[in-house]
Amino acid sequence: MSKFILTAKTNYSLSNGMRIEKGQTFEVNLPFAQLPFTSIKNKELVKQCLAREGFSDLKGHESILDGWLFDYKKV
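Quick caveat: nothing in here was measured; it's all calculated off a predicted structure. (Residues numbered from 1 in each chain as written. Predicted model: local features only at pLDDT ≥ 70, side-chain atom pairs only at ≥ 80, totals over all residues. Heavy atoms only, no water.)

Notes on the overall build of the chain
Scanning the chain from N- to C-terminus turns up one helix and five strands. Mapped from its N terminus to its C terminus, the chain presents α and β elements in the order β-β-β-β-α-β. Against the compact-globule benchmark of 11 Å for 75 residues, the chain has a radius of gyration of 11 Å, which places it among compact chains. Along the longest, intermediate and shortest principal axes, the C-alpha atoms of the chain span 35 × 20 × 20 Å. Burial status across the chain gives 36% buried among its 75 residues. With an accessible surface of roughly 4500 Å², the chain has 50% of that area assigned to carbon and sulfur atoms. (Helix = DSSP H or I, 4+ residues; strand = E, 2+ residues; numbered from the N terminus. Rg over C-alpha atoms; globule rule 2.2 N^0.38 Å. Buried < 20%, exposed > 50% of the residue type's maximum accessible area, 1.4 Å probe, protein only. Areas by Shrake-Rupley, 256 points an atom, 1.4 Å probe, with all protein chains shown as cover.)

This is the structure in structure tokens:
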């Protein structure tokens, strides 16, 4: 597995008053030679990572799984 740190590029409001703050980081593990947001499976892994951090309701905000909200770095 490869570990990535996702860092929010901007503030973003979600449903139910949830908010991702600029600079907030999330760790996600992906299969080797994979990048976040490049496949449906990897987007699902990112979604699971966000859910573990309390951001479980992305309904209406699925576009953040296209990667525009985050910078990512392999660690």
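Some thoughts on the packing of aromatic side chains
Counted under the stated rule, the structure contains six aromatic pairs. With a centroid separation of 5.8 Å and 80° between ring planes, the pair formed by Phe 26 and Phe 55 is classed as edge-to-face. Within this pair, whereas Phe 26 is found in strand β4 (residues 25-30), its partner Phe 55 is found in the loop between α1 (40-52) and β5 (70-74), the two being separated by 29 residues in sequence. Exposure remark for Phe 55: the relative accessible area of 7% places this residue in the buried category. A centroid spacing of 6.0 Å and a plane angle of 10° characterise the contact between Phe 37 and Phe 70, whose relative ring orientation is stacked. With a gap of 33 residues between them, Phe 37 in the loop between β4 and α1 and Phe 70 in strand β5 connect regions that are remote in the sequence. Chaining the aromatic ring pairs together yields one cluster made of Phe 4, Phe 26, Phe 37, Phe 55, Phe 70 and Tyr 72. (Phe/Tyr/Trp six-rings, centres within 6.5 Å; stacked < 30°, edge-to-face > 60°.)

Some thoughts on the nonpolar core
In terms of nonpolar packing, the biggest core is built from 21 residues, with Ile 20, Phe 26, Val 28, Leu 50 and Phe 70 touching the most fellow members. Broken down by element, the residue count for this core peaks at four residues, all from α1. Other than its neighbours up to four places away in sequence, Phe 26 contacts Phe 4, Ile 5, Leu 6, Ile 20, Cys 49, Leu 50, Glu 53, Phe 55 and Phe 70. (Core = buried A, V, L, I, M, F, W, Y, C linked by side-chain atoms within 4.5 Å. Contact = heavy atoms within 4.5 Å.)

Focus on the pairing of β4
Only one face of β4 is covered, namely the one carrying Phe 26, Val 28 and Leu 30; the face carrying Thr 25, Glu 27 and Asn 29 has none of its residues buried. In the sheet, strand β1 (residues 2-8) pairs with β4 via six bridges, with the strands oriented antiparallel. Among the inter-strand pairings, Ile 5 is bridged to a residue of β4, identified as Glu 27. (Pairing = 2+ DSSP bridges.)

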